[in-house]
Amino acid sequence: MRTEDLIERLAREEESAVSVRSGVVAAWTPAFLATLVIMLVGWGLRSGLGLALADPLVLAKIALPMLAAAMALAGGLELSRPEGHATRALPGLGALGVAWLGLLTLDLAITPPETWDEALRGQTRLACLLSILALAVLPTAALLAALRRGASPRPALSGALAGLAGGAGAAAIYAFHCPEDAPLFYVTWYGTGIVIASAAGAVLGSRWLRW
Amino acid sequence: MMRDTESDWAALLRAAKAGDGRAYARFLREVAPVLRGIVRARGQALPVHHHEDIVQEVLLAIHAKRHTWDAGRPLRPWLFAIARHKVADAFRARGARLHLDIADRAEVLPAEPGPDPDAARDAARLLGRLDPRAAEIVRSAHLHDEAPAEIGRRLSMSEGAVRVALHRALKRLGAMTQGSPR
């Protein structure tokens, strides 16, 4: 085909006016709310939630993942443009990761060494990990689907950010159910769930977000 | 021709976004020669008739991803990011295929595929001495002209693993035809 003919043909096609940003918002919001409802119905709120939230260490287990999800979303949007730069999203997420591990160090300092093991294992570690992974599926999938319309210069990284947003969002939601308040526990197991979700997102992204 | 392509092109694409097909055609028409220049500068190792194909692939990518341009942002960085991405892509794909063509003649079918009815059987016999998966990869890549990415998808291997396996299989076949079967 001659290039001129191609141009003529392309010029006759309708433009799809929806931006990637509004597509991402339209996919993420219902997926996140549905996941919240699924948790409330399937898992239920923890008892004494109001009281527990007065403890900054409990607040942190909701707030930090929520913040991470928001930053990963912003990073995913930045990287949905072909000229986008990962460097804008990554320092903030890195700082958040340091703060997250800081909670762990803090807990190690205030917990007697002989109970570290017990605190780390808690009562519900497997349920916690599996719940977070299960709750991460819907928001991660919705985000990946929305990002396919974008043009990422780094598809695997975009996928990882989608998995991070989904995993961290799921962890924040699960924190409303989870009765384990020791940072040793939640930094470890929430963190593991979020890392697994991000890795899965990276693998999927390297396939689905290529263009 | 010292014109401000940034604001010219941005105005054209903004009009295109508002539904002006003529402005869009003009935008693509003005961008095409610039792309051609990029492809020509990079593509000296490639036959010229591939160049225009690559130009068209980049134009198609610009078209498919035109909604990722935010009218409030500079246009040229966006445009050249797409061009860079797709040109690199196109060269990777063709570079590999060209390389395979050469390997094909040099190693797999040392004889011209002329009237000799045994040639195909010889090839089959040689392939039979490879392990089944390697034989399948060579058959797909050279007799059926499948791209490594496709073969990988079918055999659930990564594209890189297919390339490596193909390379090894060809080396082994080369060794066989030189009378040192292993």
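Residues numbered from 1 in each chain as written. Chains lettered and ligands numbered in written order. Predicted model: local features only at pLDDT ≥ 70, side-chain atom pairs only at ≥ 80, totals over all residues. Heavy atoms only, no water.

Right, let's talk about the layout of surface pockets for a bit. Estimated volume of the largest pocket: approximately 950 Å³. Together, 27 residues line the largest pocket, and R210(A), A149(B), E150(B), R153(B) and E159(B) are the ones closest to its centre. Counting residues per element, the lining of the largest pocket draws most heavily on helix α4 (residues 75-108) of chain B, at nine residues. For the lining of the largest pocket, the class distribution of residues is eleven nonpolar, five polar and eleven charged. Shared between two domains, the lining of the largest pocket holds at least three residues of each, these being domain 1 (5-92) and domain 2 (109-177) of chain B. Estimates place the volume of the second largest pocket at around 350 Å³. Along the walls of the second largest pocket sit 17 residues, with A68(A), L93(A), G97(A), L164(A) and I194(A) positioned nearest its centre. Those elements that place two or more of their residues in the lining of the second largest pocket are α4 (56-78), α5 (90-110), α8 (155-174) and α9 (183-208) of chain A. (1 Å grid on protein atoms, 1.4 Å probe; cavity = no way out; pocket = protein on both sides within 12 Å on 5 of 7 lines; lining within 4 Å. Points joined across faces, edges and corners; volume = space filled by probe spheres on them. Helix = DSSP H or I, 4+ residues; strand = E, 2+ residues; numbered from the N terminus. Nonpolar A, V, L, I, M, F, W, Y, C, P; charged D, E, K, R; others polar. Domains from an automatic or database assignment.)

Once that is clear, we can look at the interface of chain A and chain B. In this complex, chain A contributes 27 residues to the contact, which on the side of chain B involves 27 residues. Between chain A and chain B lies a buried interface of about 2300 Å² when both sides are counted; carbon and sulfur atoms form 57% of it. Where chain A packs against chain B, one counts two salt bridges. Our enumeration of links across chain A and chain B arrives at nine residue pairs in polar contact (both at pLDDT 80 or more). The dominant element in the side of chain A that touches chain B, judged by the number of residues it contributes, is helix α1 (residues 3-12) of chain A, at seven residues. Classifying every residue of the side of chain A that touches chain B by side-chain character gives ten nonpolar, six polar and eleven charged. (Contact = heavy atoms within 4.5 Å. Buried area = accessible area lost by both parts, 1.4 Å probe. Salt bridge = Lys/Arg side-chain N within 4 Å of Asp/Glu carboxyl O. Polar contact = N/O pair within 3.5 Å; in protein donor to acceptor, adjacent residues only side chain to side chain.)

Moving on: the confidence of the model for chain B. Reading predicted coordinates in detail is not appropriate for stretches of low pLDDT. Of the residues in chain B, 76% reach a pLDDT of 70 or more, and the chain-wide mean stands at 76. Note that pLDDT drops below 50 for residues 100-117 of chain B; the model gives that stretch 15 contacts with residues more than four away or on any other chain. (pLDDT = per-residue confidence, 0-100.)

Considering the arrangement of structural elements, one finds D8(B) in helix α1 (residues 5-17). Take D8(B): its relative accessible area is 28%, and that puts it in the partly exposed class. (Buried < 20%, exposed > 50% of the residue type's maximum accessible area, 1.4 Å probe, protein only.)

Attention shifts here to a nonpolar patch on the surface. Residue and element names in this part refer to chain A. A cluster of nonpolar side chains, contributed by V37, L40, V41 and L45, occupies part of the molecular surface with about 380 Å² of accessible area. Along the polypeptide, L40 turns up in helix α2 (residues 20-42). Judged by its relative accessible area of 41%, L40 falls in the partly exposed class. (Patch = residues over 30% accessible without salt bridge, like charges linked within 9 Å, V, L, I, M, F, W, Y side chains within 5 Å. Areas by Shrake-Rupley, 256 points an atom, 1.4 Å probe, with all protein chains shown as cover.)

What follows covers the packing of α8(A) against α9(A). All names here are of chain A. Following both chains from N to C, one finds α8 and α9 inclined at 150 degrees, their axes separated by 6 Å at the closest point. With respect to their mutual orientation, α8 and α9 come out roughly antiparallel. By crossing handedness, the relation of α8 to α9 is classed as right-handed. Across the interface between the two elements, P155, A156, G159, A160, G163, L164, G167, A168, A171 and Y174 from α8 touch Y190, I194, A197, S198, G201, A202, G205 and S206 from α9. Residue composition of the contact of α8 with α9, grouped by class: eleven nonpolar, seven polar and no charged. (Axes fitted to C-alpha atoms, helices over the stretch in contact; angles between N-to-C directions. Parallel < 35°, antiparallel > 145°, perpendicular 65-115°, else oblique. Left-handed = near helix turned anticlockwise from the far one by under 90°.)

Let's shift gears to the nonpolar core. Formed by 48 residues in total, the largest nonpolar core has its most connected members in V24(A), L103(A), L143(A), Y186(A) and Y190(A). Contributing elements (two or more residues each) for this core: α2, α4, α5, α7 (125-147), α8 and α9 of chain A. Once residues lying within four places of it in the same chain are set aside, the contact partners of V24(A) are L73(A), L77(A), L143(A), A146(A) and L147(A). Formed by 36 residues, the second largest nonpolar core is a distinct cluster that contains I7(A), A11(A), F27(B) and A90(B). (Core = buried A, V, L, I, M, F, W, Y, C linked by side-chain atoms within 4.5 Å.)

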